[in-house]
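# Residue-level structure breakdown
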Amino acid sequence: QVQLVESGGGLVQAGGSLRLSCAASGSIFSSNAMGWYRQAPGKQRELVAGISSGGTTFYVDSVKGRFTISRDNAKNTVYLQMNSLKPEDTAVYYCNSDRLFRMDYWGQGTQVTVSS
């Protein structure tokens, strides 16, 4: 019934770009805020970017000007365009909705590795 499937991660050199995608079930996506989170080795998971059902966006200071979150409600998909990547962006990236976040439900995530 619930679905969060992240994709698009990979290995990229510093300064490069990646676009992550998150496919979510319609019941999760349509009326919920969505966010991208990341967890680096030895660190806690942190919120990177969020987007409300109405399109209002939020970014953590460390990614402002480099990352862009967007959503396509018709496709039940949220995206994270990542430009000017830095080694400190290396992490497993997860998407989530506000509802599933409160339930502590997570998908498998997608690995992003940025080499120097």
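Residues numbered from 1 in each chain as written. Predicted model: local features only at pLDDT ≥ 70, side-chain atom pairs only at ≥ 80, totals over all residues. Heavy atoms only, no water.

### With respect to the pattern of salt bridges
Counted according to the given criterion, the structure contains 4 salt bridges. Across the pair D89 and R38 runs a salt bridge, and its minimum N-O distance is 2.9 Å. Here D89 is found in the loop between β8 (77–82) and β9 (91–97), whereas its partner R38 is found in strand β4 (residues 34–39), with 51 residues between them in sequence. Of the residues examined, R38 reaches a relative accessible area of 6% and is grouped as buried. As a salt-bridge pair, R66 and D89 come within 2.8 Å of each other at their nearest N and O atoms. Of the two residues, R66 sits in the loop between β6 (57–59) and β7 (67–72) while D89 sits in the loop between β8 and β9, which places them 23 residues apart along the sequence. There is no split in this pair, since R66 and D89 are both buried. Within the structure, one salt-bridge network assembled from shared partners comprises R38, E46, R66 and D89. (Salt bridge = Lys/Arg side-chain N within 4 Å of Asp/Glu carboxyl O. Helix = DSSP H or I, 4+ residues; strand = E, 2+ residues; numbered from the N terminus. Buried < 20%, exposed > 50% of the residue type's maximum accessible area, 1.4 Å probe, protein only.)

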